[in-house]
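# Residue-level structural notes
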Amino acid sequence: MTASPKRIVLAARPHGEPKPSDFRLEDYAMPELGEGQVLLRTIWLSLDPYMRGRMNDAASYSAPVAIDAVMEGGTVCEVMASNSDAVAKGDLVLAHSGWQTYSVVDGNILRKIDPSLGPISTGIGILGMPGMTAYTGLLDIGQPKAGETVVVAAASGAVGSAVGQIAMIKGARAVGIAGGKEKCDYVKNELGFSDCLDHRDPDFAAKLKAACPDGIDVYFENVGGEVFEAVFPLLNFFARIPVCGLIASYSDTADTTPKWAGKMMRTILTKRLTFRGFIVSDFAGRRGDFLRDMSVWVKEGKVKYKEFVTEGLDSAPEAFMGLLKGKNFGKQLVRVGPDKV
Ligand code: NDP
């Protein structure tokens with residue numbers, strides 16, 4: 001019925017940065033459909049920074065991927081066969097079926113995609129998990145007010161680009177941080193942020209200070225590390241810091257982890273800062289609000305998005321390693337299969 005299915009499994013746990021030998025591409029036999037199950041063909045695979053954490057055998061908010069198991073990931077899929085009342089053959093669905101061309105999953109955990117909202121790839125981008133992360137983290141935790149300064153790093157990326165644009169919709173001033181001139185120009189000129197600073201510039205900290213003359217009221221934390229060290233002294237009293245991600249340290253080992261948490265905690269106390277870590281699933285109840293607002297903002301051009309696509313499942317390991325180093329320019333997607341076969 002179909003070409004031989006392919007998948008990418010976790011071959012070894014990385015120490016530090018992941019490398020190609022930590023992944024393995026393999027063929028596998030198509031499993032039989034059981035009661036209530038569906039066969040999915042993967043069209044789009046989302047690559048996301050959280051996957052780095054899943055490669056470690058360490059306690060986190062989610063279980064690690066086992067050695068020799070399929071790398072996990074959000075997908076846009078076509079239903080090829082269904083033994084479920086929930087979805088029918090031909091439906092397009094959001095799944096979490098991982099780095100593989102075909103999968104068999106329970107039909108009742110799938111979410112149908114509404115193609116009238118936008119291109120189907122946006123279901124794992126601006127109208128999906130990254131967009132919702134920006135929306136809920138900024139609005140529910142950051143709570144930006146008109147005239148305030150909102151700073152976000154990884155500002156050309158899937159989450160950061162949406163954070164700054166939502167901040168502007170709410171009347172705040174958005175300042176971005178990104179890696180390199182091309183990304184900074186995009187953030188300023190196309191997305192309309194007031195400013196964008198290159199975190200690799202030797203004068204980055206001074207330039208960030210100059211770009212935030214009234215200090216920082218909301219810092220949406222995507223990165224941590226040296227970027228956070230530059231942001232930290234600029235935080236205003238009662239600043240809000242949604243702690244979304246710390247990509248700068250995802251591949252840290254015991255030797256490279258900075259040891260200044262004690263000093264930082266003292267400032268959190270004295271400035272009464274609100275730091276709140278969150279995982280997007282904490283705000284599952286806001287999905288309806290998010291889709292209502294974001295789909296309108298995207299249609300009206302108030303929120304723009306950029307996709308960074310690599311072709312074919314076998315491109316996923318290199319694309320993922322690049323994502324951790326800023327090689328992506330926009331939401332990192334893998335085109336696993338055509339929209340229709
Ligand atoms: P992006 O599309 O922004 O891609 C990651 C970007 O991170 C890179 O392009 C790079 O951009 C930047 N980066 C990598 N290393 C560094 C570094 N050392 N210093 C500064 N910037 C760096 O990814 P997402 O938008 O998908 O994710 C952004 C963050 O949000 C991540 O930390 C992720 O883990 C987190 N997240 C958290 C969720 C939650 O539920 N809490 C859900 C989704 C995402 P540049 O070239 O500009 O430096």
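Here's a quick rundown of the structure. (Residues numbered from 1 in each chain as written. Predicted model: local features only at pLDDT ≥ 70, side-chain atom pairs only at ≥ 80, totals over all residues. Heavy atoms only, no water.)

### Notes on the side chain of Thr75
Short version of the rule: Helix and strand definitions here come from DSSP, where helices need a minimum of 4 consecutive H or I residues and strands a minimum of 2 consecutive E residues; each element is numbered from the N-terminal end. Two N or O atoms count as a polar contact when they lie within 3.5 Å, although within protein this holds only if one can serve as hydrogen donor and the other as acceptor, and sequence-adjacent residues are included solely when both atoms are side-chain atoms. A contact between two residues is defined here by any heavy atoms of the two lying within 4.5 Å.
In this structure, Thr75 sits in strand β4 (residues 75-82). Looking at Thr75, its side chain comes within polar contact range of the side chain of Ser97, at 2.7 Å. Discounting residues that sit within four places of it in the chain, Thr75 has contacts with Thr42, Trp44, Leu45, Val93, Leu94, Ala95, His96, Ser97, Gly98 and Ile124.

### Things to note about the site of the ligand
Heads up, the rule is: Neighbouring residues are identified by heavy atoms, a residue being near a molecule or strand if any of them is within 4 Å of it. Residue classes follow a fixed rule: Ala, Val, Leu, Ile, Met, Phe, Trp, Tyr, Cys and Pro count as nonpolar, while Asp, Glu, Lys and Arg count as charged, and any other residue, Gly among them, counts as polar.
Looking at the ligand, there are 28 residues lining it, with Lys183, His199, Asn222, Tyr250 and Asn328 nearest. Taking Val159, its main chain carries an N or O atom lying 2.7 Å from an oxygen atom of the ligand. Between the ligand and Cys244 there is a distance of 3.0 Å, counted from a nitrogen atom to a backbone nitrogen or oxygen. Every element with two or more residues in the shell around the ligand is listed here: α2 (129-142) and α3 (158-169). By residue class, the composition of the shell around the ligand is 18 nonpolar, nine polar and one charged.

### Some points on the packing of aromatic side chains
Using the following cut-off: Stacked, edge-to-face and tilted labels apply to pairs of Phe, Tyr and Trp rings (six-membered ring for Trp) whose centres lie within 6.5 Å, assigned for plane angles under 30 degrees, over 60, and everything in between, in that order. For every residue, the accessible area obtained with a 1.4 Å probe (protein chains only) is divided by the maximum for its type, and the residue is called buried under 20%, exposed over 50%, and partly exposed between those limits. A ring is considered to have a charge above it if a Lys NZ or an Arg CZ atom is located within 6 Å of its centre and within 35 degrees of its normal.
Here the structure, examined in full by the defined rule, presents eleven aromatic pairs. Here Phe220 and Phe278 contribute two aromatic rings whose centre-to-centre distance is 6.3 Å and whose plane-to-plane angle is 75°, an arrangement assigned as edge-to-face. Of this pair, Phe220 sits in strand β11 (residues 216-220) while Phe278 sits in the loop between β13 (274-277) and α8 (287-299), and the two are 58 residues apart along the sequence. In terms of burial, Phe220 and Phe278 fall into one category: buried. Measuring from centroid to centroid gives 6.1 Å for Phe228 and Phe275, while their planes differ by 85°, and the two rings are edge-to-face. Of this pair, Phe228 sits in helix α6 (residues 225-231) while Phe275 sits in strand β13, placing them 47 residues apart in sequence. On the basis of relative accessible area, Phe228 is assigned to the buried category, the value being 5%. The rings of Tyr219, Phe228, Phe232 and Phe275 are connected pair by pair, giving a single aromatic cluster. Seen from the ring of Tyr186, Lys306 lies directly overhead, with NZ or CZ sitting 4.8 Å from the centre. A cation sits over an aromatic face here: Lys306 above Phe329, 4.6 Å from the ring centre.

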